[in-house]
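# Fold and geometry: a report
As a plain string of letters, each chain reads:
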Amino acid sequence: RHRSVSRGLGDVYKRQSLDSGVEDYIIKPFRSKELLSRINKILKRNKDNELISVDNVTIDTEAGRVFVNGEEITLTSLEYRILLLLFQNLNRIVTREILIDRIWDISGKFVEDNTLTVYIKRIREKLGNDNIIKTIKGIGYRVDKWNMVK
């Protein structure tokens, strides 16, 4: 998410900035208390953001629960951690190496490359949707953002 501080370049620039994804906009000169209030509002909003939704799948990050079409599904802890890492990196490729390092390196055990493929297959089956987790051949996986619930 982007924030913007400007010297009053006009309504067109402000509108374009907001339309392109800027979360808030403040024009110079501004009062320090107003800036702090805006920053605190954004921080609170981001802290309260517990749900990540893509298509028909929602992860409640606070409760550690996953829902498909509003119905809770059961994932193993490894499946959940893989899915959460992908959802936390929407629209970005998460390489196989990063997934293996972040998920399995905790235990210090060696993991074969095929193990990750098997886990991704199981997650796709449980989600009932092969299109949410996209395979980027030879690199890793990506989940594309369609919407986020705030």
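These numbers come from a predicted model, not from an experiment. Residue positions within a chain follow its written sequence, with the count starting from 1. The predicted origin of the model limits local features to residues at a pLDDT of at least 70 and limits the giving and counting of side-chain atom pairs to 80 or more, whereas totals for whole chains, interfaces and linings rest on all residues. Hydrogens and water are ignored here; the side-chain numbers use all heavy atoms of the structure.

With that settled, consider the sheet that holds strand β7 (residues 94-95). Spatial ordering of the open sheet is given by β7-β9-β8, a layout of 3 strands whose pairing is antiparallel. Strands at the two margins of the open sheet, each flanked by one partner only, are β7 and β8 (133-136). Taken together, the 2 bridges between β7 and strand β9 (residues 140-143) define a ladder with antiparallel strand orientation. Looking across to β9, one finds that T95 is bridged to G140. In this analysis, two residues are considered to be in contact whenever any of their non-hydrogen atoms come within 4.5 Å of each other. A fitted line through C-alpha atoms serves as each axis, taken over the contacting stretch for helices, and the angle formed by two N-to-C directions is quoted from 0 to 180°. Each helix is a run of H or I in the DSSP string that is no shorter than four residues. Each strand is a run of E no shorter than two, and both are numbered from the N terminus. Where helix α3 (residues 77-87) meets the sheet, its contacts fall on β7, β8 and β9, and the angle it forms with β9 comes to roughly 65°. Those strands touched by helix α5 (residues 113-127) are β8 and β9, and its axis lies near 150° from that of β8. By definition, two strands form a pair when at least two bridges between them are found by DSSP.

This part takes up a nonpolar patch on the surface. There is a patch of nonpolar side chains on the surface, built from L36, I39 and L43 and spanning about 280 Å² of accessible area. One can find L43 in helix α2 (residues 32-47). For patch building, the residue pool is restricted to those with more than 30% relative accessible area and no salt bridge; the joining distance is 9 Å between like charges and 5 Å between nonpolar side chains (Val, Leu, Ile, Met, Phe, Trp, Tyr). Each accessible area is a Shrake-Rupley estimate made with a 1.4 Å probe; only the visible protein chains count as cover when residues are assessed. We define a salt bridge as a contact between a side-chain nitrogen of Lys or Arg and a carboxyl oxygen of Asp or Glu at a distance within 4 Å.

This next bit is on the packing of helix α4 (residues 96-104) against α5. Remark: α4 packs on α5, axes separated minimally by 10 Å, with the N-to-C direction vectors making an angle of 85°. Relative to α5, the element α4 is oriented roughly perpendicular. Contact residues: α4 offers R96, L99, I100 and W104, while α5 offers D113, N114, T115, L116, T117 and Y119. Only Asp, Glu, Lys and Arg are considered charged in this grouping, and only Ala, Val, Leu, Ile, Met, Phe, Trp, Tyr, Cys and Pro are considered nonpolar; every other residue, Gly among them, is considered polar. For the contact of α4 with α5, a count of residues per class yields 5 nonpolar, 3 polar and 2 charged. Relative orientations are named as follows: roughly parallel for angles under 35 degrees, roughly antiparallel for angles over 145 degrees, roughly perpendicular for angles from 65 to 115 degrees, and oblique for any other angle.

Here we come to the side chain of R124. Residue position: R124 is located in helix α5. For every residue, the accessible area (1.4 Å probe, protein chains only) is compared with the maximum for its type, and the residue is labelled buried under 20%, exposed over 50%, or partly exposed between those bounds. This count recognises Lys and Arg as positive and Asp and Glu as negative, with His and chain-terminal groups excluded. Here R124 sits buried without a salt bridge, and the closest side chain of opposite charge, D130, lies 5.2 Å off (N-O distance). Of the polar contacts made by the side chain of R124, one reaches the side chain of T135; its length is 2.7 Å. Not counting chain neighbours up to four residues away, the residues in contact with R124 comprise N129, D130, I133, K134, T135 and Y141. Definition of a polar contact: a pair of N or O atoms within 3.5 Å, with one able to donate and the other able to accept a hydrogen when the atoms are protein atoms, and with sequence-neighbouring residues admitted only if both atoms are side-chain atoms.

Because an α-helix packs 3.6 residues into every turn, residues spaced three or four apart end up facing the same way. Counting buried positions along α3 gives 9 out of 11 residues, so the element sits mostly inside the fold. Within α3, the full set of buried residues consists of L78, E79, Y80, I82, L83, L84, L85, L86 and F87.

Moving on to the pairing of strand β3 (residues 51-54). Where β3 lies against strand β4 (residues 57-60), 4 bridges are found, and the strand directions are antiparallel. Pairing of S53 across the sheet is with T58, part of β4. Between β3 and β4, which pair antiparallel and follow one another directly, the connecting turn spans 2 residues, one of which, D55, has a positive phi of 55°.

Stacked, tilted and edge-to-face are the three classes applied to pairs of Phe, Tyr and Trp rings, where Trp contributes its six-membered ring and a pair requires centres within 6.5 Å; stacked means planes under 30 degrees apart, edge-to-face means over 60, and tilted covers the rest. In this structure the tally under the stated criterion is 0 aromatic pairs. In this scheme, Lys NZ or Arg CZ marks a charge over a ring once it lies within 6 Å of the ring centre and within 35 degrees of the ring normal. Here the guanidinium or amino end of R122 rests over the ring plane of Y119, the centre of that ring lying 5.4 Å away.

Attention shifts here to the pattern of salt bridges. Opposite charge on two side chains permits them to pair, given that their charged atoms come into close proximity. The full count for this structure, using the stated rule, is 6 salt bridges. For the salt bridge of R38 with E34, the shortest nitrogen-to-oxygen distance reads 3.0 Å. Linking R38 with E34, this pair stays in helix α2, spanning 4 residues, or about one helical turn. The partner of K121 in a salt bridge is E125, and the shortest N-O contact between them spans 2.9 Å.

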